[in-house]
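# Structure assessment
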Amino acid sequence: MNRREILKVAAGLPLLQAVRPNPASAQAAWPAHTISMIVPFPAGGQADLAARPVAQALERVLGKSVIVDNRAGGAGGSIGNAVAARADADGYTLLMTLSSLAVLPEADRLFDRPPVYEVSQLAPVARVLADPTLLAVPASAPWKTLQDFVDDAKKRPGQIPYGSSGPYGTLHVAMEMFAASAGIKLLHIPFRGAGPALNAILTGTVQALASAPGTLKQQVDDGKMRVLANWGAERIASFPDLPTFKELGYKDVEFYIWAGLFAQAALPAPIMTRLREAMAQAVVSPEVIKTFETAGSPVAYLDAPEFAKFFEADSARLVAAVKKIGKVE
């Protein structure tokens, strides 16, 4: 969504206010105190990148503090997702999470474990960011192209370590999707989030990482990392010379890392409507737009109804990919 389209959202807000059920009482009742926005990962990843500027913008819109709460317990985000899913449906505990939200319960079932939460416990509020994942390696690595990487991996099965945000998280699924298509075996090293995984590749602990453009751009610009391929269907503006996996012959390798805001499914309708309205205002704030564009990850806003449709379709594709990948460590 470009700036002009985002501004159209803001222009439609008076109409949204007009149709909101009992807006005066809803505004008076909520919010009355500080709101917690759970991010189920450490600082430095895509969800955290989305949460912080949005939380600041929501504070200005709602007139109450919005605190980013990094629940960096690992497990690909399951722990933080579960905390939000089980929280009181009163609008004071929100969740900024990633596309792995739908994958993680299915991964638990794959291993015959009871899921710690179900997607049905949560309701989409707004999509904030949506980017194709990129394959990054250290600038000092010998691989200049994706083919170099694949050729080396075939010579050394299971020896090239890559980092992820946890088993069956977004970064893990993306890499295993690629590895399966390329016919290679890599060494998976899970971390507690994308931030620690990014630090691991910078320090040489791992040699590859799938991550969002916004978390990689500065490192690539500074000459610390190199990107080899783009999981998207098309090239992106922040890395215009970077080929897609599809261009390179991997027709079934496509993966996007999006960040979106969720609340509890039982959230009262007036609070959900007020929250949607606040998010529509937050994403058009100059500070949010500038922060995301500087990171090379422009706003990709979808309101709740459109986000719900997107989430359902994306989740079906990712769950199918996880089932195809099967049990991997």
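Residues numbered from 1 in each chain as written. Predicted model: local features only at pLDDT ≥ 70, side-chain atom pairs only at ≥ 80, totals over all residues. Heavy atoms only, no water.

### Some remarks on the overall build of the protein
Along the protein, the regular secondary structure elements total 13 helices and 11 strands. When the 329 residues of the protein are sorted by exposure, 57% land in the buried category. Looking at the protein alone, contacts between residues at least 24 apart form 77% of all its contacts between residues at least 6 apart. On the protein, roughly 13,200 Å² of surface is accessible, and the fraction owed to carbon and sulfur atoms is 54%. (Helix = DSSP H or I, 4+ residues; strand = E, 2+ residues; numbered from the N terminus. Buried < 20%, exposed > 50% of the residue type's maximum accessible area, 1.4 Å probe, protein only. Contact = heavy atoms within 4.5 Å. Areas by Shrake-Rupley, 256 points an atom, 1.4 Å probe, with all protein chains shown as cover.)

### Brief notes about the packing of aromatic side chains
Counted under the stated rule, the structure contains 16 aromatic pairs. Ring plane angle 35° and centroid distance 6.2 Å describe the contact between Phe 149 and Phe 178, whose orientation is recorded as tilted. A residue pair is termed long-range when its members are at least 10 positions apart, and Phe 149 in helix H7 (residues 146-155) and Phe 178 in helix H8 (residues 170-182) qualify at 29 residues. Its relative accessible area of 0% is what places Phe 178 among the buried residues. Their ring planes at 70° and their centres at 5.3 Å tell us that Phe 262 and Phe 311 sit as a pair that is edge-to-face. Here Phe 262, found in strand S10 (residues 256-264), pairs with Phe 311, found in helix H13 (residues 304-325); they are 49 residues apart in sequence, far enough to count as distant. With respect to class, Phe 262 is no different from Phe 311; both count as buried. Chaining the aromatic ring pairs together yields one cluster made of Trp 143, Phe 149, Phe 178, Trp 231, Phe 245 and Tyr 250. The residue whose ring lies beneath Arg 127 is Phe 310, and the NZ or CZ to ring-centre distance is 4.6 Å. (Phe/Tyr/Trp six-rings, centres within 6.5 Å; stacked < 30°, edge-to-face > 60°. Lys NZ or Arg CZ within 6 Å of the ring centre and 35° of its normal.)

### Description of the environment of Ser 164
Position of Ser 164 among the secondary structure elements: in strand S6 (residues 161-164). Once the C-alpha coordinates of Ser 164 and Ala 194 are considered, the two residues, 30 residues apart in sequence, prove to be 6.4 Å apart. Ignoring anything within four residues of it in the chain, the contact list for Ser 164 reads Leu 171, His 172, His 188, Ile 189, Pro 190, Phe 191, Gly 193 and Ala 197. Separated by 3.0 Å, the side chain of Ser 164 and the backbone nitrogen of Gly 166 make a polar contact. (Polar contact = N/O pair within 3.5 Å; in protein donor to acceptor, adjacent residues only side chain to side chain.)

### Considering the packing of helix H4 (residues 46-62) against helix H11 (residues 269-282)
Between H4 and H11, the shortest axis-to-axis distance is 9 Å and the interhelical angle comes to 115°. The hand of the H4/H11 crossing is right-handed. The residues of H11 that touch H4, namely those facing Val 54, Ala 57, Leu 58, Val 61 and Leu 62, are Arg 274, Ala 278, Met 279, Gln 281 and Ala 282. Here the contact of H4 with H11 is built from residues that sort into eight nonpolar, one polar and one charged. (Axes fitted to C-alpha atoms, helices over the stretch in contact; angles between N-to-C directions. Left-handed = near helix turned anticlockwise from the far one by under 90°. Nonpolar A, V, L, I, M, F, W, Y, C, P; charged D, E, K, R; others polar.)

### Focus on H4
If you check H4, its first and last C-alpha atoms are 24 Å apart, about what 17 residues at 1.5 Å a residue would give, namely 24 Å. Within H4, 12 of the 17 residues are buried, leaving the element largely enclosed by the surrounding structure. For H4, the set of buried residues is Gln 46, Ala 47, Asp 48, Leu 49, Ala 50, Ala 51, Pro 53, Val 54, Ala 55, Ala 57, Leu 58 and Leu 62. Backbone geometry just downstream of H4 places Gly 63 in the positive-phi region, at approximately 80°. (Expected span 1.5 Å × (residues − 1).)

### Focus: the sheet that holds S10
Read across the open sheet, the six strands follow the order S2-S1-S3-S10-S4-S11; overall the sheet is mixed. Across the chains shown, the open sheet's two edge strands, defined by having one partner strand only, are strand S2 (66-70) and strand S11 (302-303). Of the pairings in the sheet, the one linking strand S4 (residues 122-132) to S10 comprises nine bridges and is antiparallel in character. Looking across to S10, one finds that Leu 129 is bridged to Ala 259. Its contacts with the sheet put helix H5 (residues 78-86) on strand S1 (35-39), strand S3 (93-98), S4 and S10, and the angle it makes with S3 is roughly 145°. (Pairing = 2+ DSSP bridges.)

### Some points on the side chain of Asp 108
Considering the arrangement of structural elements, one finds Asp 108 in helix H6 (residues 103-110). Beyond its immediate sequence surroundings of up to four residues, Asp 108 is in contact with Arg 113, Pro 114, Pro 115 and Val 116.

### A word on the pattern of salt bridges
In total, this model carries 13 salt bridges according to the counting rule given. Measuring nitrogen to oxygen at the nearest pair gives 2.8 Å for the salt bridge that ties Arg 71 to Asp 69. Among the residues examined, Arg 71 registers a relative accessible area of 35% and is labelled partly exposed. With a shortest N-O distance of 2.8 Å, Glu 277 and Arg 274 are connected by a salt bridge. Taken together, the positions of Glu 277 and Arg 274, both in helix H11 and three residues apart, correspond to about one turn of that helix. Here Glu 277 falls in the buried class, since its relative accessible area comes to 2%. (Salt bridge = Lys/Arg side-chain N within 4 Å of Asp/Glu carboxyl O.)

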